[in-house]
Amino acid sequence: MKSRTPGVNSRKHVRTRSEIRNSNVENLPPQVLRLVYKEVTALAADPPEGIKIYPSEEDITELHTAIEGPEGTPFAGGVFRMRLVLGKDFPAAPPKGYFLTKIFHPNVGHKGEICVNVLKRDWRAELGLRHVLLTIKCLLIHPNPESALNEEAGRLLLEDYAEYASRARLLTEIHAMGTPGGTSGGPQEPGDGPQPKKHAGDPNKRAAGVGSGSTGTISHGASGGSSSSSGGSSSSSGNSNVVAKKKTDKKRALRRL
């Protein structure tokens, strides 16, 4: 019997089970896999403008991409991660598309699912993955409120475009404009959180505010202390004035906090 390295084989075994469970590599005919591999390789070598391709060596049936937000839209400046999943009936059935980056868009559901005709009734096997990616990018320019998955975004697009654009822009700034290691760009772990909101305030200003408040409290305490010492050598009426001044100083200090 051949000796085996437990660590290597255990990792390989887990990965193989995961691939069988989550991918369709073993469900697609070899000729379809060859066509998919050829198309994905061509896409990676010559991607559509504004779209980056991240092929997976382990699972050719799942294609990760990053789409740049088109200029002149609320998504401009953002990078939106997306994935296409090829089912067992591909290319007879269309792939499924999901945004991994949060986006406020009528045709993108809360779980990232994408609703566009080319992924449904308008699909034809000869269209190919390049056509799908270009159609999804065009969807960022021309949303379709009539087939909205996000009803609130669809309603605002029709009734109050300024509010729709403001909401879409806000989510773009939070989730799609991350720095390296943030939420935008290439494929990352699902647990990656959103970047801090830009309107959350400057922490330096908050620290300065706390410092000034502390200084104010200390100065009032010193004032109260000096009044108390002088009051010890004055008459009873002077003591009552000191007590009254202390109360006033405390109230002022509390109001400043």
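Is there a simple way to explain the overall build of the protein in this structure?
Broken down by element type, the protein carries 7 helices and 4 strands. Its helices and strands in sequence order give the protein the pattern α-α-β-β-β-β-α-α-α-α-α, from N to C terminus. Evaluated residue by residue, the protein yields a buried proportion of 34% over its 257 residues. Contacts spanning at least 24 positions in sequence make up 54% of the contacts within the protein whose residues lie at least 6 apart.

Looking at this structure, I do not really get the environment of L139. What am I missing?
Along the chain, the position of L139 falls in helix α3 (residues 128–141). With relative accessibility at 8%, the residue L139 sits in the buried group. Considered as a pair, L139 and I114 are 25 residues apart in the sequence and their alpha carbons are 9.7 Å apart. With sequence-adjacent residues up to four places away left out, L139 is seen in contact with H105, N107, I114, C115 and V116.

Help me understand the pattern of salt bridges in this model?
When charged atoms on two side chains of opposite charge get close, those side chains can pair. Under the criterion given, the structure shown has 5 salt bridges. Note that R167 is salt-bridged to E152, the shortest N-O span being 3.0 Å. Residue R167 is found in helix α5 (residues 161–175), and its partner E152 is found in helix α4 (residues 151–159); the two are separated by 15 residues along the sequence. The class for E152 is partly exposed, based on a relative accessible area of 36%. Between E173 and R169 there is a salt bridge, with the nearest N and O atoms lying 3.5 Å from each other. Taken together, the residues E173 and R169, both in helix α5 and 4 residues apart, mark about one turn of the helix. The partly exposed category is assigned to R169, whose relative accessible area is 30%.

I'm lost on the sheet that holds strand β2 (residues 62–68) in this one. Help?
Sheet strands pair by backbone hydrogen bonding; their relative direction is either parallel or antiparallel. If you trace the 4 strands from one edge of the open sheet to the other, you get β1-β2-β3-β4, paired in antiparallel fashion. This sheet does not close on itself; its edge strands, each paired only once, are β1 (51–54) and β4 (96–99). Neighbour-to-neighbour, the strand axes of the sheet open up by a mean angle of 25°, direction not taken into account. Relative to strand β3 (residues 79–85), β2 runs antiparallel, the two sharing 7 bridges. Across the sheet, residue E62 finds its bridge partner in β3, namely V85.

Hey, could you run me through the packing of aromatic side chains in this one?
Aromatic rings in a pair are described by how distant their centres are and how their planes are angled relative to each other. Summed over the entire model, instances satisfying the criterion amount to 5 aromatic pairs. Taking 5.8 Å as the distance between ring centres and 85° as the angle between the ring planes, the aromatic pair formed by F75 and F80 counts as edge-to-face. In this structure, F75 and F80 share a single accessibility class: buried. When the centroid spacing of 5.6 Å and the interplanar angle of 50° are considered together, the rings of Y161 and Y164 count as tilted. Taken as a pair, Y161 and Y164 lie in helix α5 at a separation of 3 residues, close to a single helical turn. Residue classification places Y161 among the partly exposed residues on the basis of a relative accessible area of 44%. Every member of this aromatic cluster is reached through a ring pair, and the members are F75, F80 and F99.

What counts, and at which threshold
- Residues numbered from 1 in each chain as written.
- Predicted model: local features only at pLDDT ≥ 70, side-chain atom pairs only at ≥ 80, totals over all residues.
- Heavy atoms only, no water.
- Helix = DSSP H or I, 4+ residues; strand = E, 2+ residues; numbered from the N terminus.
- Buried < 20%, exposed > 50% of the residue type's maximum accessible area, 1.4 Å probe, protein only.
- Contact = heavy atoms within 4.5 Å.
- Salt bridge = Lys/Arg side-chain N within 4 Å of Asp/Glu carboxyl O.
- Pairing = 2+ DSSP bridges.
- Axes fitted to C-alpha atoms, helices over the stretch in contact; angles between N-to-C directions.
- Phe/Tyr/Trp six-rings, centres within 6.5 Å; stacked < 30°, edge-to-face > 60°.

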